[in-house]
Amino acid sequence: MKHLVILGAGTAGTMMANHLSHHLKRPEWRISIVDEKTEHHYQPGYLFLPFDIYEPEDIVKSIDEFIPKTVDLVQGAIDKVVPSENKVLMHDGSVLVYDVLIVATGAKTAPEEIEGMKGNEWYKSVFDFYTFEGSLSLRNKLRDWKGGKLVVHITEMPIKCPVAPLEFAFLADSYFKHKHIRDKVEITYVTPLSGAFTKPKATEALEHLLQEKNINIESDFAIEHVDNEKKEIVDYGGRAIPFDILVTVPTNKGDEVIARSGMGDDLNYVPTHKATLQSKEYANVFVLGDASNIPASKAGSVAHFEAEILTDNILHFVKGEPLKEEFDGHANCFIETGNGKALLIDFNYTHEPVEGTFPFPGVGPLRLLKESRMNHMGKLAFRWIYWNVLLKGTHIPFVSASMSEAGKKYN
Amino acid sequence: MEKTIAGKSIAVNEEGYMTDFKQWDKSIGEALATEAEINLTPRHWDVLTYLQTEYRNEVPLSIRKIGKSGVVDIKEFYQLFPKAPLKTATKIAGIPKPASCI
C-alpha cells in the first residue's frame, strides 16, 4: 500500500486531506495527516476578536471534526523530515515512510527576531493580533483603554494576509468612533513598504481611505528595535515613532521543522515551483499554503485555489504523467474598512487588483476595490463558508482556481 | 522611457529604475548616485557589486538578506544609502526595484 503524508492540519493541509480522500483510496493508498495541535483556528477571526466582534468560540473548533474518517490523523510533534530517505521522524521516535509528501506547515510569528519586541511591554502595551493569545490580550486592553497613540505596525514582508494590518487600522477607527473616544486616539500606520499596499492601484484606493479616516501613514520604516522604556519603535535610520499601544505584525517565518529538516530558505519557507507547487528539490514533495516561498499572498483563499490545482497535480504525479503548470497566484481577499463596509480584491501573479464586479462580470453582486455593505456581508458570510465549504475542499460555485479577467477594469 | 545620463542614453521606468541592466556601467552608476545625492565610496561599491551579483543569480533581494550577507550590516547599509537604502541602492546599481512579494 502506498502512503501519502500531509504535514500540518491547518487550512491548507485539511483541504488537501479532503480533496485527496476522494481519489487516493484503500487498498492502493493510505493518507495520513500530522499535527501536534488539537484545535483548528479560523485565523481571519483574530482580526475581529480585539474589537469584540467575534467571541473565542466563533473561531476555535476541534481539528478532527474536519479530517475525513478515511484519513489517519496522527497527533504528535514532528522532529524532522529526511526527504532523501522519504521519511518523517516523529518526536516520540516513530517514523512515517512516505511515497508522496505534502508540506502544509504554515507560517507563524517570530517576535524574537526584533530586539525588545518581546520585552517588558509584551502583552502590556505591545501586542500582536496574529495569535489567539495576542488577539485576546489586545481585546482586554482595548476594552478599558481611554485613548492615546495607537501604532499599527508591520515588521517586514512577507506576512500572512498582507491586508490584515490595514483592516485592523480601519476597524480601530470605527471601534473608537462607536466608543465616542475617536478624538482621543491618534492612529498611525507604520509599514516597511513605500505605501499602504504592494500593488499600485490598491495602494491608491487604500491610502485614500486612510486619509478619509484620519489615519497617519509612515512608510519605508524598517524597524531596528522596540524601546520599552521610551515606548517607541526605532528604525535603522534612527527614525522613532512613539506609542501608547503598539499593535505589531512580527516577522513571519515558516515552521522550525522546515529549518531542522534543511528544507527552507532564510525564513524557513520551502523553495517551490510557483506554477506546479512541486518542491524545487524533491520530486515527490509538494508544498501549499503559507509554507511555500511562491510569490503569492499567504492567505486562505490562495491555499484554496492551490488545493484544487495541487489535487490534479498529485494525481498526475502518482500516474507518472507530466504536471500541469497552472497555478497563477490567484488571491481573493475581503478588506474590512469599518462601519459595516468592506472592499474586495481579486488578483494574481501578473494582474494587480483593480475595480470591477465579482464574481459575475458587469453584475456583481460584489464590487472590486470599492467599499460596500455587500462586501462586508461577504466577509462575515465567509466564516460560515470556511467551516462548512472551504475546509471540506468543496468547490466554491462561480469562483475558479485561475483568476478571471472578465468584469475587471484594466487600462 | 529614455533618459540621458553621463552622456549616454538609458531606458528607465516611470520611477527612474533602469529597465535594461546591460546598459549600466560605472559612469552611469556614478551619475545616478549624484542624482540621489550620494558620494560613492569603496564601501558603496562593495554593496552595489553584491546587489548586482545577487540580481544576476536571480536571488530576490530584501533588507533582511542584505543584513545577513556578510557584505554589510543593516545599520551600515542605512548609513551608506540613507532613508530607503534598498530602493536607492538598487536604482544606482541599475537593477529593478525589489518587489516585496505579497
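Here, residues in each chain are numbered from 1, in the same order as that chain's written sequence. The naming scheme follows written order: chains are lettered A onward, ligands numbered 1 onward. Under the rules for a predicted model, residues below a pLDDT of 70 receive no local features and side-chain atom pairs below 80 are neither given nor counted, while totals for whole chains, interfaces and linings still include all residues.

J.: Any chance you could break down the overall build of chain A for me, citing the residues and the numbers?
T.: From N to C terminus, chain A includes 8 helices and 24 strands. The C-alpha radius of gyration computed for chain A amounts to 21 Å, which stays within 12% of the reference 22 Å derived for 411 residues, consistent with globular compactness. Put simply, a residue is buried when 20 or more other C-beta atoms lie within 10 Å of its own C-beta and exposed when 12 or fewer do; between those, it is partly exposed, and each C-beta is set from the backbone. Going through the 411 residues of chain A one by one, you find that 47% of them count as buried. Contact between two residues is assigned when their C-beta atoms, built from the backbone, lie within 7 Å. Taking contacts inside chain A between residues at least 6 apart in sequence as the whole, the part at least 24 apart equals 67%. Helix numbers and strand numbers start at the N terminus; a helix is a DSSP run of H or I with at least 4 residues, a strand a run of E with at least 2. As defined in this context, the radius of gyration uses C-alpha atoms, and a globule is described by 2.2 Å times the residue total to the power 0.38.

J.: Tell me about the nonpolar core, and name the residues and values.
T.: Take the buried Ala, Val, Leu, Ile, Met, Phe, Trp, Tyr and Cys residues, join any whose C-beta atoms are within 7 Å, and the set you get is a nonpolar core. Within the largest apolar cluster, 137 residues are counted, with the highest numbers of intra-cluster contacts made by Met16, Val247 and Leu288 of chain A. Sequence-distant contacts of Met16 of chain A, that is, excluding residues within four places in its chain, are made with Ile6, Ile102, Ala104, Leu288, Ala307 and Leu310 of chain A.

J.: Which residues make up the domain arrangement of chain A, and what values do they have?
T.: Residue and element names in this part refer to chain A. When the domains of chain A are assigned, the result is domain 1 (2–106 + 255–318), domain 2 (109–251) and domain 3 (331–390). Just the C-alpha atoms count here: the centres of domain 1 and domain 2 sit 30 Å apart. On the domain 2 side, the residues contacting the 12 residues of domain 1 number 18 residues. Its residues placed into classes, the side of domain 1 that touches domain 2 shows 7 nonpolar, 2 polar and 3 charged. Domain borders in the structure are assigned automatically or taken from a domain database. Each residue receives one of three labels: charged for Asp, Glu, Lys and Arg, nonpolar for Ala, Val, Leu, Ile, Met, Phe, Trp, Tyr, Cys and Pro, and polar for the others, Gly being one of them.

J.: Explain the sheet that holds strand S6 (residues 78–82) of chain A residue by residue, including any values.
T.: Residues and elements named next belong to chain A. When DSSP locates at least two bridges between a pair of strands, those strands are taken to pair. One open sheet accounts for 3 strands, arranged S6-S7-S8; its pairing is antiparallel. In this open sheet, the two strands that pair with only one neighbour each are S6 and strand S8 (95–97). With direction set aside, neighbouring strand axes in the sheet form an average angle of 15°. Bridge count for strand S7 (residues 87–90) against S8 is 3 bridges, and the pairing is antiparallel. Looking across to S8, one finds that Val88 is bridged to Leu96. Between N-to-C directions, angles cover 0 to 180 degrees, with each direction set by a line fitted to C-alpha atoms, over the stretch in contact for helices.

J.: Lay out the sheet that holds strand S17 (residues 240–242) of chain A with the relevant residues and their values.
T.: Residues and elements named next belong to chain A. Judged by pairing direction, the sheet is antiparallel, and its 3 strands sit side by side in the order S15-S16-S17 without closing on themselves. At either margin of the open sheet sits one strand with a lone partner, and together these are strand S15 (223–227) and S17. In this sheet, neighbouring strand axes are inclined to one another by 20° on average, regardless of whether the strands run parallel or antiparallel. Sheet analysis places strand S16 (residues 232–235) next to S17, joined by 3 bridges and oriented antiparallel.

J.: Could you give an account of the environment of Pro192 of chain A, naming the residues involved and the relevant values?
T.: Its location among the elements puts Pro192 of chain A in the loop between strand S13 (185–190) and helix H5 (200–212). Discounting residues that sit within four places of it in the chain, Pro192 of chain A has contacts with Ile154, Glu156, Met157, Asp220, Phe221 and Ala222 of chain A.

J.: Lay out the packing of helix H1 (residues 11–21) of chain A against helix H7 (residues 300–318) of chain A in plain terms, naming residues and giving numbers.
T.: Residues and elements named next belong to chain A. The N-to-C vectors of H1 and H7 enclose an angle of 35°; their axes lie 9 Å apart at closest approach. Of the two possible hands of crossing, H1 and H7 adopt the one that is right-handed. Counting all contacts with H1, which are made through Thr11, Ala12, Met15, Met16, His19 and Leu20, the residues of H7 involved are Gly300, Ala303, His304, Ala307, Leu310, Thr311 and Ile314. When its residues are assigned to classes, the contact of H1 with H7 shows 8 nonpolar, 5 polar and no charged. Whether a crossing is left-handed or right-handed is set by the direction in which the near helix is turned from the far one by less than a right angle, anticlockwise for left-handed and clockwise for right-handed.

J.: Tell me what's going on with H1 of chain A, and back it up with residues and numbers.
T.: All names here are of chain A. Counting buried residues in H1 gives 10 out of 11 residues, a clear majority hidden from the surface. Turning to H1, its buried residues number three or more, namely Thr11, Ala12, Gly13, Thr14, Met15, Met16, Ala17, Asn18, His19 and Leu20. Looking at the buried side of H1, the elements it contacts are strand S1 (2–7), strand S2 (29–35), strand S9 (100–103), H7 and helix H8 (373–390).

J.: Residue-level account of H5 of chain A, with values.
T.: Residues and elements named next belong to chain A. To estimate the expected span of a helix, subtract one from its residue number and multiply by 1.5 Å. Along its 13 residues, H5 runs 18 Å from first to last C-alpha, staying within 8% of the 18 Å computed at 1.5 Å per residue. When we look at burial in H5, the residues that qualify are Ala202, Ala205, Leu206 and Leu209. Burial along H5 is one-sided: seen end-on, the buried residues are contained in an arc of 90°. Facing away from the buried side of H5, by more than 90 degrees, are the exposed residues Pro200, His208 and Gln211. Downstream of H5 by a residue or two, Asn214 has a phi angle that is positive, lying close to 60°. To be clear, the arc concerns the directions from the helix axis to the C-beta atoms.

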